Amino acid sequence: ETGVTQTPRHLVMGMTNKKSLKCEQHLGHNAMYWYKQSAKKPLELMFVYNFKEQTENNSVPSRFSPECPNSSHLFLHLHTLQPEDSALYLCASSPGPGLAGGPGSYNEQFFGPGTRLTVL
Amino acid sequence: LAKTTQPISMDSYEGQEVNITCSHNNIATNDYITWYQQFPSQGPRFIIQGYKTKVTNEVASLFIPADRKSSTLSLPRVSLSDTAVYYCLVVPGDTGGFKTIFGAGTRLFVKA
């Protein structure tokens, strides 16, 4: 248990469906992240939120829409996805500046178990 | 962000010490060196982080030379359960931003 939970753990959806992935962290962190990991590829950073404000959008297609209502929750809304979007979607959180452990540890990331997404 | 280079894969046997070296020639003064471990179908897990010299925790040691252009993750007496992908990252220090880039990592396979 890392203190970061993700639901659902598995999701199968058609290209015309709308679904949402949920992430929750119980660590009191200020920053939250979405990553995509396709088969045999490195993790790709998608979005970063710090204090609910988006600080990174790594040129992600608009069919992925993030939402961060507070520092503990992060959503990824999915709409009209493509089969190539099938991947493991990972959420992470980190303390943020000024918290725990000094300047080097502020972006030590704690990952959730991921959602395995299959787009048919 | 500084780019990192590490071996794609390594093999070892149980009980051996494993050293994985990472190159980061363009590391900035404010950057920290961080290592993560990832098992299949799981999220990465933080192992160790350092700025210079040597850092040791209950899992591993991290050796960083004075010029900081490389680092070596040392895993003492590996077991089968240490089979995983190990990622070396260079991350900005406080206020340096949250963007982190995971490379391909080093796939360590520990054999009996």
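Q: So, the overall build of chain B: which residues are in play, and what are the values?
A: The helix and strand tally for chain B stands at zero helices and nine strands. The helix and strand sequence of chain B, counted from the amino end, reads β-β-β-β-β-β-β-β-β. Its C-alpha radius of gyration of 14 Å places chain B within 12% of the 13 Å reference for a compact globule of 112 residues. With the principal axes as the frame, chain B shows a C-alpha extent of 45 × 30 × 25 Å. The buried share of chain B, reckoned over its 112 residues, is 46%. Taking all contacts inside chain B whose residues are at least 6 apart in sequence as the whole, residues at least 24 apart take part in 58%. Working note: accessible area of chain B is about 5,500 Å², and carbon and sulfur atoms make up 51% of it. Between the mean site of the 10 positive side-chain charges and the mean site of the 8 negative ones, chain B shows a separation of 5 Å.

Q: Quick one: what's the story with the sheet that holds strand S3 (residues 31-38) of chain B, residue by residue and with numbers?
A: Residue and element names in this part refer to chain B. Spatial ordering of the open sheet is given by S1-S9-S8-S3-S4, a layout of five strands whose pairing is mixed. Every other strand in the sheet has two partners, leaving strand S1 (9-13) and strand S4 (45-50) as the edge strands with one partner each. Going across the sheet, the axis of each strand differs from the next one's by a mean of 25°, ignoring polarity. Relative to strand S8 (residues 84-92), S3 runs antiparallel, the two sharing eight bridges. By the bridge assignment for S8, Asp 31 is matched with Pro 92.

Q: Kindly report on the layout of surface pockets, identifying the contributing residues and their values.
A: If you roll a probe as big as a water molecule over the atoms, it shows you where there is empty space left. There is about 510 Å³ of room inside the largest pocket. A:Gln37, A:Lys40, B:Val85, B:Tyr87 and B:Arg107 are the residues nearest the centre of the largest pocket, which is lined by 23 residues in total. Ranked by residue count, the leading element in the lining of the largest pocket is strand S9 (residues 106-111) of chain B, at four residues. For the lining of the largest pocket, a count of residues per class yields 12 nonpolar, seven polar and four charged. One number sums up the size of the second largest pocket: a volume of about 370 Å³. Among the secondary structure elements, those contributing two or more residues to the lining of the second largest pocket are strand S1 (4-7) and strand S10 (110-111) of chain A together with S4 of chain B. In terms of residue count, the dominant contributor to the lining of the second largest pocket is S1(A) (three residues). Looking at the lining of the second largest pocket, its residues break down into seven nonpolar, eight polar and four charged.

Q: Hey, could you go over the interface of chain B and chain A for me, with residue numbers and the actual values?
A: Many authors give the size of an interface as the accessible area that is lost as the parts come together. On the side of chain A, 29 residues touch chain B, which itself brings 23 residues to the contact. On inspection of chain B and its partner chain A, the count reaches zero salt bridges. In this structure, the connection of chain B to chain A is made through five residue pairs in polar contact (both at pLDDT 80 or more). When contributions to the side of chain B that touches chain A are tallied by element, the ones reaching two or more residues are S3, S4 and S8 of chain B. Of the residues that constitute the side of chain B that touches chain A, the class distribution is 10 nonpolar, 11 polar and two charged.

Q: Describe the pattern of salt bridges, and please don't skip the residues or the numbers.
A: All names here are of chain A. A full pass over the atoms with the stated rule returns two salt bridges over all chains. For Arg 63, the salt bridge goes to Asp 85, with nearest N and O atoms at 2.7 Å. Linking Arg 63 in the loop between strand S6 (53-57) and strand S7 (64-70) with Asp 85 in the loop between strand S8 (73-79) and strand S9 (87-94), this pair joins segments that are 22 residues apart in sequence. According to the relative accessible area criterion, Arg 63 is partly exposed, its value standing at 23%.

Q: With reference to specific residues and values, describe the state of the cysteines.
A: All names here are of chain A. Overall, the coordinates contain two disulfides over all chains when judged by the stated rule. Bridging Cys 23 to Cys 91, the disulfide has an S-S length of 1.9 Å. Note on the Cys 23 and Cys 91 pair: the S-S dihedral is about -75°, so by sign convention the disulfide is left-handed. Taken together, the positions of Cys 23 in strand S3 (residues 18-25) and Cys 91 in strand S9 put the pair 68 residues apart, joining distant regions of the chain.

Definitions and cut-offs
- Residues numbered from 1 in each chain as written.
- Chains lettered and ligands numbered in written order.
- Predicted model: local features only at pLDDT ≥ 70, side-chain atom pairs only at ≥ 80, totals over all residues.
- Heavy atoms only, no water.
- Helix = DSSP H or I, 4+ residues; strand = E, 2+ residues; numbered from the N terminus.
- Rg over C-alpha atoms; globule rule 2.2 N^0.38 Å.
- Buried < 20%, exposed > 50% of the residue type's maximum accessible area, 1.4 Å probe, protein only.
- Contact = heavy atoms within 4.5 Å.
- Areas by Shrake-Rupley, 256 points an atom, 1.4 Å probe, with all protein chains shown as cover.
- Lys, Arg positive; Asp, Glu negative; His and termini not counted.
- Charge placed at Lys NZ, Arg CZ, Asp CG, Glu CD.
- Pairing = 2+ DSSP bridges.
- Axes fitted to C-alpha atoms, helices over the stretch in contact; angles between N-to-C directions.
- 1 Å grid on protein atoms, 1.4 Å probe; cavity = no way out; pocket = protein on both sides within 12 Å on 5 of 7 lines; lining within 4 Å.
- Points joined across faces, edges and corners; volume = space filled by probe spheres on them.
- Nonpolar A, V, L, I, M, F, W, Y, C, P; charged D, E, K, R; others polar.
- Salt bridge = Lys/Arg side-chain N within 4 Å of Asp/Glu carboxyl O.
- Polar contact = N/O pair within 3.5 Å; in protein donor to acceptor, adjacent residues only side chain to side chain.
- Disulfide = S-S within 2.5 Å.

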